[in-house]
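Close look at the chain arrangement
If you want the building blocks of each chain, they are given just below.
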Amino acid sequence: MSARILIIDELHPSMFPMLQSIGVEAIYKPEIKPVDVREALAGMDGLIVRSKMRITADVVAEAANLKFVARAGAGLDNIEVEKLEQMGIHVLGANEGNSQAVGEFTLGLLLSLMRNIPRSNSEVAQKVWLREENRGEEISGRTIGIIGFGNMGQSFARVLTGFGCRMLAYDRFAPEKINLPVERVPLEQIQEEADVISLHIPYIKENLHFANDSFFRSFSKSIWFLNTSRGDVVDQQALVNHLKAGSVKGAALDVLENEKLHTLTEQQQQEFEFLASAPNVILTPHIAGWTHESYVKINEVLVQKIQRLLEKRNG
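Since this is a predicted model, take the numbers as computed values, not measurements. (Residues numbered from 1 in each chain as written. Predicted model: local features only at pLDDT ≥ 70, side-chain atom pairs only at ≥ 80, totals over all residues. Heavy atoms only, no water.)

1. Digging into the overall build of the protein chain
Assigned secondary structure in the protein chain consists of eleven helices and twelve strands. For the protein chain, the C-alpha radius of gyration of 21 Å lies close to 20 Å, the compact-globule estimate for 315 residues. Projected onto its principal axes, the C-alpha positions of the protein chain cover 65 × 45 × 35 Å. Counting across all 315 residues of the protein chain, residues that qualify as buried make up 49%. (Helix = DSSP H or I, 4+ residues; strand = E, 2+ residues; numbered from the N terminus. Rg over C-alpha atoms; globule rule 2.2 N^0.38 Å. Buried < 20%, exposed > 50% of the residue type's maximum accessible area, 1.4 Å probe, protein only.)

As structure tokens, then:
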């Protein structure tokens, strides 16, 4: 075998024949404890992780042969990317693998919010039949603001194209990715014109509480708000306040500031109780990119990137 890779999280079994096909030996230890990973990396050429632990420079400090760390999922916020790359260790992600899943799911959240689907389902299940009270709104003719236009934002735009809506997008890091029919605009224009806001930004230090009180105050309309990116990019208290005030018409959140629901602070508990009971809020357990198809696609994307990297390094 030309390379050995340590895998410390459970992955779809399709990963192993894929790695074997490119001459890579997989050392599969999904039950390994985080404290044992550093020692287990001895002699390894690569590491594949999902969410088990944070991969820091210290974790890989003694892994002299390590060429890359790959995350089997979207986002690299549990990896010290800059420090690892300074050590000559490549960091690979698989955002492309679940982008279709995220785009479809975000559309589902938007339809569910605007057409009162979860609420009316709950009412009918209790034999409450309210038609007029559940009259909804159409996506057609609305202005959709997409903040962050990487793989996820682009996917959401693609699934929206048949709905007859106007799409505005803002991306601080790669504005050149935004092309018609999506309009490339500054954030201020989105805040002036959008009816719907969908966040597709990574969690990095600069994005902590990106959507804060000032952000929500800057909209000229009452908005529908969607977040399928990371919980930390939204100031949850500010969102709750604007839902109460009506400046946010409704919200669908696939992520929360603290997703370990048994460890909520007193303030987080109060916010959660409001969100969980509000008829215009939808909460889901971080499943936007979580499909049977994406489980395999993530492997395909990672293996392709690993193959290219190893071929390049081997000349």
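2. Thoughts on the nonpolar core
Residues I147, I197, L199, F215, F216, F225 and L239 are the most contacted members of the largest nonpolar core, which totals 29 residues. Secondary structure elements with two or more residues in this core: α7 (187-193), β9 (196-199), α8 (213-217), β10 (223-227), α9 (236-245) and β11 (248-253). Looking at this core element by element, the count peaks at four residues for α9. (Core = buried A, V, L, I, M, F, W, Y, C linked by side-chain atoms within 4.5 Å.)

3. A look at the pattern of salt bridges
Applying the stated criterion to the full structure yields 14 salt bridges. One salt bridge connects E96 with K305, and the closest N-O pair in it is separated by 3.2 Å. Note that E96 is positioned in the loop between β5 (90-92) and α4 (99-114) and K305 in helix α11 (residues 292-313), a separation of 209 residues in sequence. Take E96: its relative accessible area is 37%, and that puts it in the partly exposed class. Residue classification places K305 among the buried residues on the basis of a relative accessible area of 19%. Residue E137 is joined to R142 by a salt bridge in which the shortest nitrogen-to-oxygen separation is 3.2 Å. Take E137: its relative accessible area is 23%, and that puts it in the partly exposed class. A relative accessible area of 26% means that R142 is categorised as partly exposed. Put simply, R38, D58 and E62 are held in one network by salt bridges that share partners. (Salt bridge = Lys/Arg side-chain N within 4 Å of Asp/Glu carboxyl O.)

4. What to know about the UniProt feature "domain: D-isomer specific 2-hydroxyacid dehydrogenase NAD-binding" (unreviewed entry) in the protein chain
The UniProt entry lists residues 107-288 under the feature "domain: D-isomer specific 2-hydroxyacid dehydrogenase NAD-binding" (unreviewed entry), expressed in the numbering used here. As annotated, residues 107-288 comprises 34% helix and 16% strand, and the C-alpha atoms at either end are separated by 10 Å. (UniProt positions renumbered as here; feature names shortened; annotations may be inferred.)

5. Quick look at the environment of G153
With respect to the secondary-structure elements, G153 resides in helix α6 (residues 151-160). By relative accessible area, which is 0% here, G153 ends up buried. Each C-alpha atom of the pair G153 and W129 lies 37 Å from the other, and the pair is 24 residues apart in sequence. If sequence neighbours within four positions are ignored, G153 has contacts with I146, G148 and H200. (Contact = heavy atoms within 4.5 Å.)

6. A few points about helix α10 (residues 266-277)
Taking 1.5 Å as the rise per residue, α10 with twelve residues should run 16 Å; its terminal C-alpha atoms sit 17 Å apart, in good agreement. All of the buried residues in α10 are Q268, E271 and L275. Looking straight down α10, one finds its buried side chains confined to an arc of 65°; they lie on one side. The exposed set on the far side of α10, more than 90 degrees from its buried face, consists of E266, A276 and S277. Those residues of α10 that are buried lie in contact with α9, β11 and β12 (281-283). (Expected span 1.5 Å × (residues − 1). Arc of directions from axis to C-beta.)

7. As for the domain arrangement of the protein chain
One frequently used descriptor of interface size is the decrease in accessible area upon assembly of the parts. According to the domain assignment, the protein chain contains domain 1 (3-93 + 293-312) and domain 2 (98-283). Of note, the centres of domain 1 and domain 2, computed from C-alpha atoms alone, are 32 Å apart. Between domain 1 and domain 2, the contact holds seven residues from the first and six residues from the second. Between domain 1 and domain 2, roughly 470 Å² of surface is buried when both sides are summed, and carbon and sulfur atoms account for 53% of that area. For the pair domain 1 and domain 2, the number of links is one salt bridge. Across the pair R230 and D77 runs a salt bridge, and its minimum N-O distance is 3.1 Å. Scanning the region where domain 1 abuts domain 2 turns up two residue pairs in polar contact (both at pLDDT 80 or more). (Domains from an automatic or database assignment. Buried area = accessible area lost by both parts, 1.4 Å probe. Polar contact = N/O pair within 3.5 Å; in protein donor to acceptor, adjacent residues only side chain to side chain.)

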